[in-house]
Amino acid sequence: MTDLRVRIAPSPTGTVHLGLCRTALFNWAYARGRGGAFILRVEDTDRTRSTAESEEKILEGLRWLGIDWDEGPGVGGPHEPYRQSERSDAHALVAAEVLASGHAYRCFCTPERLDELRAAQEAKKETPRYDQHCRDLDPGESDRRAAAGEAHVLRFRVPEGETLVRDLVRGDVRFDHGEIDDWIMVRRTGAPTYNFVVVCDDIDMRISHVFRGEEHLVNTPKQVLLYGALGREAPAFGHLPLMLGTDRKKLSKRTGDTALGDYIAKGYPREAIVNFLCLQGWALDGETEVFDTETFVKSFDITDVQKAGAVFDPKKFLWLSGDTIRRMPIGELLTAVTPYLEAAGMVNPSGIAAQRPWFEQLMEGEQERIELFSELPGRVRPFFEADDAVTYEEAAEKNARKHEARAEHLSAFLEWLEERSEAGEFETSELSAGMKAWVKERGLKFPALFQPLRCALTGMPGGRDLGDCITLLGLERCRTRIQAAVSRLI
RNA sequence: GGCCCUAUCGUCUAGUCAGGCCUAGGACACCAGGUUUUCAUCCUGGCGACGGGGGUUCGAAUCCCCCUAGGGUCACCA
């Protein structure tokens with residue numbers, strides 16, 4: 001059996017894009033589901049745009065998603081180093097080999113000449129391409145000019161013919177070599193280009209399958225040709241459909257957030273993000289939308305991947321987030337939400353531990369009402385406000401003022417509450433039932449008490465069960481709030 | 001524009017490779033009911049698609065061709 005080895009090769013030039021996350025996820029799942037190895041390699045050949053911070057963000061982001069790598073930065077491996085910029089010696093060796101074998105040639109054309117060429121071609125509405133000016137330069141002359149220190153690049157000598165790419169997602173794709181430029185392998189600075197190093201490194205690292213975004217499909221014949229020139233067998237390829245924005249173009253900041261960090265900050269649960277990403281171009285069985293990572297790993301196959309691009313649907317993502325939150329154990333939810341509570345100044349780190357049951361009750365009432373962790377502080381605000389200065393939202397106050405005898409009802413209800421407390425009957429479900437009975441005994445409609453009471457207690461027009469609010473606040477705080485409301489709602 | 005990819009409800013998709021089981025299934029969204037003290041959850045129902053045209057076949061969402069539409073790519077970026 002040939003060793004299954006897949007990789008993700010991000011370039012550290014910015015934020016952690018969701019597309020990268022999905023590609024990583026699919027590669028990783030493919031390896032994990034088949035006992036293969038998953039390798040992480042940092043593609044930092046563009047020295048001017050690559051940053052260490054970006055690289056660190058990528059590693060952090062992948063780890064956060066639950067993706068672990070068998071070889072790569074941080075864990076090492078038999079094919080070190082895993083940062084392309086540190087592999088230049090190997091690249092130089094291969095470049096020399098390709099030049100010596102005649103599959104590549106030196107090109108001494110100046111960037112100015114190339115610019116003019118391109119401009120002329122564009123003016124004539126032709127496809128911009130290299131005119132192979134240096135392709136048939138005499139080898140002796142080429143060597144002399146290079147030895148004399150004349151600046152040059154190394155170009156791949158694309159032969160006549162066509163290349164067949166057998167894509168595990170798309171099937172067979174043919175490319176006529178007449179359409180492929182004699183592409184640059186090594187820049188005049190001596191730095192190798194992406195199409196060149198990606199092949200060198202994938203060979204060195206024994207990569208067996210390359211799954212990446214569809215934007216790389218047209219690069220593939222160039223790479224396949226290089227594998228051939230090097231006498232190596234190309235890996236299997238699979239080009240994933242693009243993730244599209246609502247404008248049906250490649251997902252970009254233009255139509256919404258694209259960075260993993262944005263979603264983490266908003267409080268999408270990890271499971272929801274992974275689950276949603278899995279759904280972009282792949283489906284478990286066509287029926288089941290919600291599944292865990294383990295199920296994904298067990299079921300994922302590259303040949304099941306959709307060919308057409310997938311438009312990113314923020315609404316469905318939000319729904320999935322809320323659904324995931326609703327299924328979380330309360331303790332886990334509390335942990336997830338703690339940073340948001342702290343950031344809102346509602347608790348300090350030890351505060352929750354000291355009143356854990358209270359916080360758990362608080363969470364239980366909100367669990368089905370939030371779709372993102374970040375919504376929580378706004379929703380529980382009333383429970384952290386001063387009792388004599390609850391913020392009344394306009395809609396809540398309006399609802400309360402609809403009832404003529406609001407102050408009388410509130411005062412009477414407070415008396416009833418005091419009695420319940422003295423009687424030791426101050427538990428949520430008994431209170432909820434008792435309140436309803438209280439309203440009916442007086443021949444009232446529910447809103448006559450509940451709307452003013454909700455306003456008094458929370459200042460909000462809607463929300464959790466009022467009995468629940470009462471037990472959460474306790475008699476003292478309820479008394480203050482109701483008394484305040486009696487005067488404020490006159 | 002050249003080349004390449006793609007084409008099922010508004011969106012994500014199942015079904016396409018092995019044509020009949022498809023009067024095309026699920027999910028989100030939307031709409032209407034129900035449950036509920038409110039909000040939310042939850043439940044029920046509804047709306048809603050095989051881009052168009054030719055073939056092949058007894059039979060096509062599924063196979064072939066053309067058209068159309070969308071996307072990707074054309075860097076000394078990756």
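Below or above, wherever it landed, is the structure these notes cover. All values reported here derive from a predicted model rather than from experimental measurement.

## As for the pairing of strand β1 (residues 5-8)
Burial along β1 is two-sided: Arg5 and Arg7 and Val6 and Ile8, pointing in opposite directions, are all buried. Pairing analysis gives 4 bridges linking β1 to strand β2 (residues 37-40), with the strands arranged parallel. Each residue of the ladder has a partner; that of Ile8, found in β2, is Leu40. Between the parallel elements β1 and β2, the chain passes through helix α1 (residues 18-33) in a crossover that is right-handed.

## Focus on the protein's contact with RNA strand B
Lining the immediate environment of RNA strand B, one finds 64 residues, of which Arg187, Glu368, Lys436, Gly463 and Asp465 sit closest. Atoms of RNA strand B within 4 Å of the protein: sugar and phosphate make up 71%, bases the balance. Arg369 has a polar side-chain atom sitting 2.4 Å from a base oxygen of RNA strand B. It is helix α11 (residues 314-326) that provides the largest number of residues to the surface near RNA strand B, a total of 4 residues. Grouping the amino acids of the surface near RNA strand B by side-chain chemistry returns 22 nonpolar, 14 polar and 28 charged.

## Focus: the sheet that holds strand β3 (residues 104-107)
Across the sheet, 3 strands lie side by side as β3-β4-β7; this open sheet has antiparallel pairing. Each having just a single partner strand, β3 and β7 (184-186) make up the two edges of the open sheet. Averaged over neighbouring strand pairs, the angle between their axes works out to 40 degrees when direction is ignored. Strand direction decides the pairing type here: β3 and strand β4 (residues 153-156), joined by 4 bridges, are antiparallel. Within β4, the residue paired with Cys107 across the bridge is Val153.

## A closer look at helix α12 (residues 330-343)
Its 14 residues give α12 an end-to-end C-alpha distance of 20 Å, which sits within 8% of 20 Å, the value for a rise of 1.5 Å per residue. Taken as a whole, α12 carries its principal kink of about 40 degrees at Val337; the proline Pro339 stands between one and four residues after it. Residues Ile330, Leu333, Leu334, Val337, Thr338, Tyr340 and Leu341 constitute the buried set of α12. Those residues of α12 that are buried lie in contact with α8 (260-266), α11, α13 (349-354), α14 (356-366) and α15 (376-380). Following α12 by one or two positions, Gly345 has its phi on the positive side, about 70 degrees.

Definitions and cut-offs
Residues numbered from 1 in each chain as written. Chains lettered and ligands numbered in written order. Predicted model: local features only at pLDDT ≥ 70, side-chain atom pairs only at ≥ 80, totals over all residues. Heavy atoms only, no water. Buried < 20%, exposed > 50% of the residue type's maximum accessible area, 1.4 Å probe, protein only. Helix = DSSP H or I, 4+ residues; strand = E, 2+ residues; numbered from the N terminus. Pairing = 2+ DSSP bridges. Right-handed = clockwise from strand over helix to strand, strands pointing away. Near = heavy atom within 4 Å. Polar contact = N/O pair within 3.5 Å; in protein donor to acceptor, adjacent residues only side chain to side chain. Nonpolar A, V, L, I, M, F, W, Y, C, P; charged D, E, K, R; others polar. Axes fitted to C-alpha atoms, helices over the stretch in contact; angles between N-to-C directions. Expected span 1.5 Å × (residues − 1). Bend = angle between axes of the 7 residues up to and from the residue. Contact = heavy atoms within 4.5 Å.

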